[in-house]
Amino acid sequence: MSRSTVESEPGSEPPPPGDDHAFFGQPRGLLTLSGLEVWERFSFLGMQAILVLYFADTVAHGGLGMSSGTAASVSAAYGTLVYLVSVAGGWLADRMLGSYRAVLWGGILIACGHYSMAVPTGTMTWVGLGLISAGTGLLKPNVATMVGKLYRTEDERRDAGFALYYMSINIGAFAGPLVTAWLGDHRGWHWGFSAAAVGMTFGLIQYVAGRRHLAGRKHAAEFALAPDAMRRTVLLIVLGLLAAAVLATLLALAGYLTMGRFVDLLTLISVIAPVVYFAVMFRSPRVTDAERGHLRPYVVLFLASTVFNFILFQAYSTMMLLAASNAESRILGYDFPAGWYASALGAFEVALAPVVAALWVRMGRKQPHASNKIAIGVVLGGLSFLLIVLPTSGHSSDDYLMSAWWIVGSYLLLGLGDILLETSGMSATTKLAPVAFSSQTMSLWFLSLALANGIQAQTVKLYDDVSKPAYFGVNGAIAVAAGLAVMALAPWLRRTMYPVH
């Protein structure tokens, strides 16, 4: 069938029939993929909720003793690496592994990484973060692509399905920090990392158990390399990884590769990679003129995603540091660890996602265009930072405590913005992707997350040097302005994205 009829890659299995409504009116396979992401988010965001606090904690208390700005920068650099690797993950799925096996091996690497971080040594922490980066790069772009394969292009349940997918995975985003932060606060940081390891193991078990409900689950890659090329590629990958590891070790021992330079290098790569990737797709002979026309508005959506996620990812860095130092850790008479603030973001997304999904279903073709949903999400992200300007202003020193409700209110705006932007952005990506780059185009969406983290890795270095109102105010204002710019481009976006709504 043609691309306009079925959202699948050539040679892949067609999506389930339109009468498959087994999971809240959605295809049965959505339950399997959502279940995997529940546990993956439980482990990933549960760990990330305490990672910056672990970096910034004193060595005597089990941390790494970094300054707040350095801790936030290194945490952002880790996020940059995670999403940069997603490009390789999409390519490996398309050319070598297939989506199902790419997700499976990605989950295994993530689990091994969390188990490594459970070992209380600094060396195993870095080993674990490396494994998690590699595993997430394999899993994230391909599981999202598999969700897109569950629907035909004209199926109006698609956006609602992605909203339910986001609601489901944010159950993990809500539960993960509750468990890991409590363990980190009461038993030690590595106990929190252990909980993340167990969660990812549960996710792998249910993914394998529900594989029969997945569209495009066949083991072969959709655009597999020829056998000789496959062998050469495997050899080059192995040799390349070994050479990179040896070179990095030698440079580190010689004092040339410091943590700061590594962070700067990742930021540089995060800027160059999407530029190169867009250029390759625009010039590829396998991309038709119509598909190339759809890539142009996608550049705008990519930049909007970058701006929003620059704000969103700071919920786990600067916002977490602010909550730990300047926000009350008591609400409704109950004391809680600072890492629990991260659960508020997941809780709001769990509560709001079904409301948004129901609204889109009710509105049908009358719902806002995807570009407008994304623009509103960016504006809400900016407002979440502008809100923090109010309680952080007017203090003569940094020893004040703001009400917990300011952080909670900021996360409410951020959570609603995330639902609008990510569900619409990921859904639009699966519609706008060129046939020959389907998994890799989803990787390109995740490159916007890498770029957001890369920019954040540099910006958060100022966190200790400027006032809190200036830091959050300027960043928030930039995001609001970017969202309004996307709204202004709405007529052009609707025209160039047609028939995508």
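Residues numbered from 1 in each chain as written. Predicted model: local features only at pLDDT ≥ 70, side-chain atom pairs only at ≥ 80, totals over all residues. Heavy atoms only, no water.

**Student:** Explain the overall build of the protein here, please?
**Tutor:** Each helix and strand counted, the protein has 16 helices and 2 strands in total. Evaluated residue by residue, the protein yields a buried proportion of 57% over its 501 residues. Counting only contacts in the protein whose residues sit at least 6 apart along the sequence, the fraction spanning at least 24 positions is 84%. Surface summary for the protein: the accessible area is close to 19500 Å², and the carbon and sulfur share equals 70%. (Helix = DSSP H or I, 4+ residues; strand = E, 2+ residues; numbered from the N terminus. Buried < 20%, exposed > 50% of the residue type's maximum accessible area, 1.4 Å probe, protein only. Contact = heavy atoms within 4.5 Å. Areas by Shrake-Rupley, 256 points an atom, 1.4 Å probe, with all protein chains shown as cover.)

**Student:** I tried to follow the confidence of the model for the protein on my own but got confused; where do I start?
**Tutor:** In low-pLDDT regions, the fine details of the predicted coordinates are not to be read closely. Mean pLDDT for the protein: 83, with 89% of residues reaching 70 or above. Of all secondary-structure elements in the protein, the lowest mean pLDDT belongs to strand 1 (residues 330-331), at 75, while helix 15 (residues 468-488) reaches the highest, 94. In this model residues 1-12 is a low-confidence stretch, pLDDT under 50, and it forms 40 contacts with partners more than four residues away in sequence or in other chains. (pLDDT = per-residue confidence, 0-100.)

**Student:** Help me out: how do you make sense of the packing of aromatic side chains in this one?
**Tutor:** In this description, a pair of aromatic rings is defined by centroid distance and the angle of the planes. Using the criterion set out here, one finds 16 aromatic pairs in the structure. Ring centres of Tyr 54 and Phe 55 lie 5.9 Å apart, and the angle between their planes is 35 degrees; this geometry places the pair in the tilted category. Comparing Tyr 54 with Phe 55 shows no difference in burial state: the two are buried. Through a chain of ring-to-ring contacts, three or more aromatic side chains come together here, namely Tyr 54, Phe 55, Trp 126 and Phe 193. One Lys or Arg, Arg 187, reaches over the ring of Trp 191 and ends 4.3 Å from the middle of that ring. Geometry around Tyr 463 places Lys 468 over its ring, the cationic atom sitting 4.7 Å from the centre. (Phe/Tyr/Trp six-rings, centres within 6.5 Å; stacked < 30°, edge-to-face > 60°. Lys NZ or Arg CZ within 6 Å of the ring centre and 35° of its normal.)

**Student:** How should I be thinking about the pattern of salt bridges in this particular structure?
**Tutor:** Here the idea is simple: oppositely charged side chains can pair when their charged atoms come close. Counted by the stated rule, this structure contains 5 salt bridges. Measuring nitrogen to oxygen at the nearest pair gives 3.0 Å for the salt bridge that ties Asp 264 to Lys 461. Of this pair, Asp 264 sits in helix 8 (residues 259-283) while Lys 461 sits in the loop between helix 14 (438-459) and helix 15, and the two are 197 residues apart along the sequence. Judged by its relative accessible area of 35%, Asp 264 is partly exposed. Note on Lys 461: relative accessible area 33%, which makes it partly exposed. Measuring nitrogen to oxygen at the nearest pair gives 3.0 Å for the salt bridge that ties Asp 289 to Arg 292. With a gap of 3 residues between them, Asp 289 and Arg 292 both fall in helix 9 (residues 289-312), about one helical turn apart. Relative accessible area serves as the criterion here: at 15%, Arg 292 is assigned to the buried category. (Salt bridge = Lys/Arg side-chain N within 4 Å of Asp/Glu carboxyl O.)

**Student:** What am I meant to see in helix 16 (residues 490-497) here?
**Tutor:** Note that an α-helix has 3.6 residues per turn; residues three or four places apart therefore point the same way. What helix 16 keeps buried is the set Ala 490, Leu 493 and Met 497. Each buried residue of helix 16 sits inside an arc of 60 degrees when the element is viewed along its axis, so together they form one side. (Arc of directions from axis to C-beta.)

**Student:** What am I meant to see in the nonpolar core here?
**Tutor:** Soluble globular proteins tend to pack their nonpolar side chains together in the buried interior. By size, the foremost hydrophobic cluster in this structure holds 130 residues, and its most contacted members are Met 47, Tyr 165, Tyr 207, Tyr 341, Ile 407, Tyr 411 and Phe 472. For this core, the leading source of residues is helix 1 (residues 29-56), giving 13 residues. With sequence-adjacent residues up to four places away left out, Ile 407 is seen in contact with Met 319, Leu 322, Ala 327, Tyr 341, Ile 388 and Met 402. Listed in part, the 5 residues of the second largest apolar core include Leu 92, Ala 93, Met 96 and Ala 102. (Core = buried A, V, L, I, M, F, W, Y, C linked by side-chain atoms within 4.5 Å.)

**Student:** Help me understand the environment of Gly 188, please; the structure alone is not making it clear to me.
**Tutor:** Relative to the helices and strands, Gly 188 resides in the loop between helix 5 (158-186) and helix 6 (189-209). Residues Gly 188 and Gly 62, spaced 126 residues apart in sequence, show a C-alpha to C-alpha distance of 7.0 Å.

**Student:** It is not clear to me how the environment of Gly 346 should be interpreted in this structure. Could you clarify?
**Tutor:** Assignment of secondary structure puts Gly 346 in helix 11 (residues 341-363). Accessibility expressed as a relative area gives 1% for Gly 346, which makes it buried. In sequence terms Gly 346 and Leu 45 are 301 residues apart; their C-alpha atoms lie 9.5 Å from each other. Residue contacts for Gly 346: discarding those within four places in its chain leaves Asn 170, Ala 173 and Phe 174.

**Student:** Is there a simple way to explain the packing of helix 15 against helix 16 in this structure?
**Tutor:** For any two helices packed against each other, one specifies the crossing angle of their axes together with the interaxial distance. Between helix 15 and helix 16, whose axes approach to 5 Å, the crossing angle comes to 60 degrees. By the angle between their axes, helix 15 is oblique relative to helix 16. Between helix 15 and helix 16, the residues in contact are Val 486, Met 487 and Ala 488 and Ala 490, Pro 491 and Leu 493, respectively. Taken together, the residues of the contact of helix 15 with helix 16 break down into 6 nonpolar, no polar and no charged. (Axes fitted to C-alpha atoms, helices over the stretch in contact; angles between N-to-C directions. Parallel < 35°, antiparallel > 145°, perpendicular 65-115°, else oblique. Nonpolar A, V, L, I, M, F, W, Y, C, P; charged D, E, K, R; others polar.)

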